[in-house]
Number of protein chains: 4
Amino acid sequence: MIDPSKKYFHCTDRERAIFEAGIKLGAIFHQYTGMPINESNKEDIEKTIEKSVKLQPFVNNIRVKISMKGQNGTSFNYNSLSGEMLDVELAVSYNGQEVKARMQYLQALNYPLMYLEE
Amino acid sequence: MIDPSKKYFHCTDRERAIFEAGIKLGAIFHQYTGMPINESNKEDIEKTIEKSVKLQPFVNNIRVKISMKGQNGTSFNYNSLSGEMLDVELAVSYNGQEVKARMQYLQALNYPLMYLEE
Amino acid sequence: MIDPSKKYFHCTDRERAIFEAGIKLGAIFHQYTGMPINESNKEDIEKTIEKSVKLQPFVNNIRVKISMKGQNGTSFNYNSLSGEMLDVELAVSYNGQEVKARMQYLQALNYPLMYLEE
Amino acid sequence: MIDPSKKYFHCTDRERAIFEAGIKLGAIFHQYTGMPINESNKEDIEKTIEKSVKLQPFVNNIRVKISMKGQNGTSFNYNSLSGEMLDVELAVSYNGQEVKARMQYLQALNYPLMYLEE
């Protein structure tokens, strides 16, 4: 992909890929949490997030897994998608430099951490 | 559907259906706008919103149409879903009382109006 | 307030007020959950939601209370605003008909219920 | 700030700062767009976003400016906050390495670009 925004950046190709990976993970958390979800539409939401993130610049690959383990049932048989439920593996590539990033809830931190895997 | 929250309400069945319809339309606007979208994932997003709203209480039927007419192209070949693009027809039913509601961008108001059709 | 959208509705004034109340509560849940929050900016968020909802049509009054009781601390000293934390009292008035609505997490339902108080 | 998540990362301090800057900008876009806004609560929203982003890890400084120039008025005297309106300057610092990032709508791209300034 040719980058129409190249001239606005002052960084290496790897740094650019890292920046873009951060953008996507921050976006996923704040866009999709809140969606009504239960086992019946879980896979559908996973696929829709994947397709939608792939439209964003420099995304090579993405895998979204949602786990509802440990969620208490509600009286209305669905929950709201929360950061704890999300496990996202993301590969971003800029000019041949690929980075792998992840969002995953970590019990030790009680926090949905976004980090660089490689 | 038996209503586990019945005792909290002081209103007629039709009023309840109207209240629930309002909730769903307000939720749709504020949950899904912002999603990356172009023609390639438009239908996918429509279906995912429909499935997800159907999990919410007392939704009988929902049809979501997204139109990207009049949207200016961006340098990155996608847009963010906005209220102007959304056309939603919603049927909510409470204890046999059905109401039909709609969200639709109206040029005359320059506003994505949520209204009761019947 | 004169209603520029009057002709699109087919309902009583009270039904309209109820519909508008539903819209606002659905909107609040799906717009503001996800915001980074701790005790230091809790009141600030409450006030900002109140001001922002007051811009929407036919809102007479709104009071937002956020409670972080029962939230587990994270390693980064803030949480994400969730539906469980929100307690909203809302008065909507249409053509002299006022309705009072509320959003409140109810333990008995494990659900942030939106309901009509009067 | 001591970093409780240090062991999950495999990158330089500068790369970490860049990643964190991307997260914050992606988050801002997808969390706050959609909020009801007009001139009366514009400054309030700017301050609330600033305070709220400052809770997130490694944020040194943030300035949010919202411009409603070029927005068409609606029949209800407010708009929804959109990416086009946002101008954000962000300084993130990790272990002494500071990076400056920005989100700004660029007419040439018809896109709210997130980029690294230095």
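This is a predicted model, so every value here is computed, not measured. (Residues numbered from 1 in each chain as written. Chains lettered and ligands numbered in written order. Predicted model: local features only at pLDDT ≥ 70, side-chain atom pairs only at ≥ 80, totals over all residues. Heavy atoms only, no water.)

**Side note on the packing of helix α1 (residues 13-32) of chain B against helix α2 (residues 42-54) of chain B**
Residue and element names in this part refer to chain B. Between α1 and α2, whose axes approach to 12 Å, the crossing angle comes to 135 degrees. Judged by the angle between their axes, α1 and α2 are oblique. Here α1 runs over α2; the crossing is right-handed. For the pair α1 and α2, contact is made by Lys24, Ile28 and Tyr32 and by Ile49, Ser52 and Val53, respectively. (Axes fitted to C-alpha atoms, helices over the stretch in contact; angles between N-to-C directions. Helix = DSSP H or I, 4+ residues; strand = E, 2+ residues; numbered from the N terminus. Parallel < 35°, antiparallel > 145°, perpendicular 65-115°, else oblique. Left-handed = near helix turned anticlockwise from the far one by under 90°. Contact = heavy atoms within 4.5 Å.)

**Things to note about the interface of chain C and chain A**
How large an interface is tends to be reported as the accessible area lost when its parts come together. In this assembly, 16 residues from chain C lie in contact with 15 residues from chain A. For the pair chain C and chain A, the two sides together bury roughly 1,200 Å², of which 55% comes from carbon and sulfur. Broken down residue by residue, the surface that chain C buries against chain A is led by C:Phe76, C:Asn110 and C:Tyr111, which jointly contribute 36%. At the boundary of chain C and chain A, one finds 0 salt bridges. At the surface where chain C touches chain A, the tally comes to 10 residue pairs in polar contact (both at pLDDT 80 or more). At the level of elements, α1 (13-32) and β6 (111-116) of chain C are the ones that each hand at least two residues to the side of chain C that touches chain A. Broken down by class, the residue content of the side of chain C that touches chain A amounts to 8 nonpolar, 8 polar and no charged. (Buried area = accessible area lost by both parts, 1.4 Å probe. Salt bridge = Lys/Arg side-chain N within 4 Å of Asp/Glu carboxyl O. Polar contact = N/O pair within 3.5 Å; in protein donor to acceptor, adjacent residues only side chain to side chain. Nonpolar A, V, L, I, M, F, W, Y, C, P; charged D, E, K, R; others polar.)

**Some thoughts on the relation of the copies chain D and chain A**
Screw-axis analysis of chain D against chain A gives a translation of 0.0 Å along the axis, an RMSD of 0.0 Å, and a rotation angle of 180 degrees. Viewed as a symmetry operation, the transformation between the two copies matches a two-fold axis. (Least-squares fit on C-alpha atoms with pLDDT ≥ 70 in both.)

**Topic: the interface of chain D and chain A**
Chain D puts 30 residues into the contact, and the matching count from chain A is 30 residues. Buried surface at the junction of chain D and chain A, summed over both partners, amounts to about 2,600 Å²; 69% is from carbon and sulfur atoms. Looking only at chain D, the three residues that lose the most surface to chain A are D:Tyr8, D:Phe19 and D:His30, adding up to 25% of its buried area. Taken together, chain D and chain A are joined by 2 salt bridges.

**Regarding the sheet that holds strand β5 (residues 97-106) of chain A**
Residue and element names in this part refer to chain A. Taken together, the 4 strands give an open sheet; going across it, the order is β2-β4-β5-β6, and neighbouring strands pair in antiparallel fashion. The open sheet is flanked by β2 (59-66) and β6 (111-116), the only strands paired with a single partner. Averaged over all pairs of adjacent strands, the angle between their axes in this sheet comes to 10 degrees, without regard to strand direction. Two elements, strand β4 (residues 86-94) and β5, share 8 bridges in a ladder whose sense is antiparallel. The partner of Tyr94 across the bridge, within β5, is Gln97. Against the sheet, helix α1 (residues 13-32) contacts β2, β4, β5 and β6, and its axis sits at roughly 30 degrees relative to β5. (Pairing = 2+ DSSP bridges.)

**Focus on the environment of A:Asn41**
Residue and element names in this part refer to chain A. Mapped onto the secondary structure, Asn41 falls in the loop between β1 (36-37) and α2 (42-54). With relative accessibility at 1%, the residue Asn41 sits in the buried group. The sequence separation of Asn41 and Lys100 amounts to 59 residues, and the corresponding C-alpha distance is 27 Å. Within the structure, the side chain of Asn41 is placed 3.1 Å from the backbone oxygen of Pro36, a separation counted as a polar contact. A distance of 3.0 Å separates a polar atom in the side chain of Asn41 from the backbone nitrogen of Asn38. (Buried < 20%, exposed > 50% of the residue type's maximum accessible area, 1.4 Å probe, protein only.)

**Some points on α1(A)**
Residues and elements named next belong to chain A. Relative to the 28 Å expected for 20 residues at 1.5 Å per residue, α1 spans 29 Å between its end C-alpha atoms, a close match to the ideal helical length. For α1, the tally of buried residues reaches 18 of 20 residues, placing the bulk of the element in the interior. Looking one or two places after α1, you find Gly34, whose phi comes out positive at around 105 degrees. (Expected span 1.5 Å × (residues − 1).)

**Here's the deal with the sheet that holds strand β2 (residues 59-66) of chain D**
All names here are of chain D. Spatially, β2-β4-β5-β6 is the arrangement adopted by the 4 strands of the open sheet, whose pairing is antiparallel. Only two strands of the sheet have a single neighbouring strand rather than two, namely β2 and β6 (111-116). Sheet twist, expressed as the mean angle between neighbouring strand axes with direction ignored, is 10 degrees. Against the sheet, helix α2 (residues 42-54) makes contact with β2 and β4 (86-94), and its axis sits at roughly 160 degrees relative to β2, the strand it touches most.

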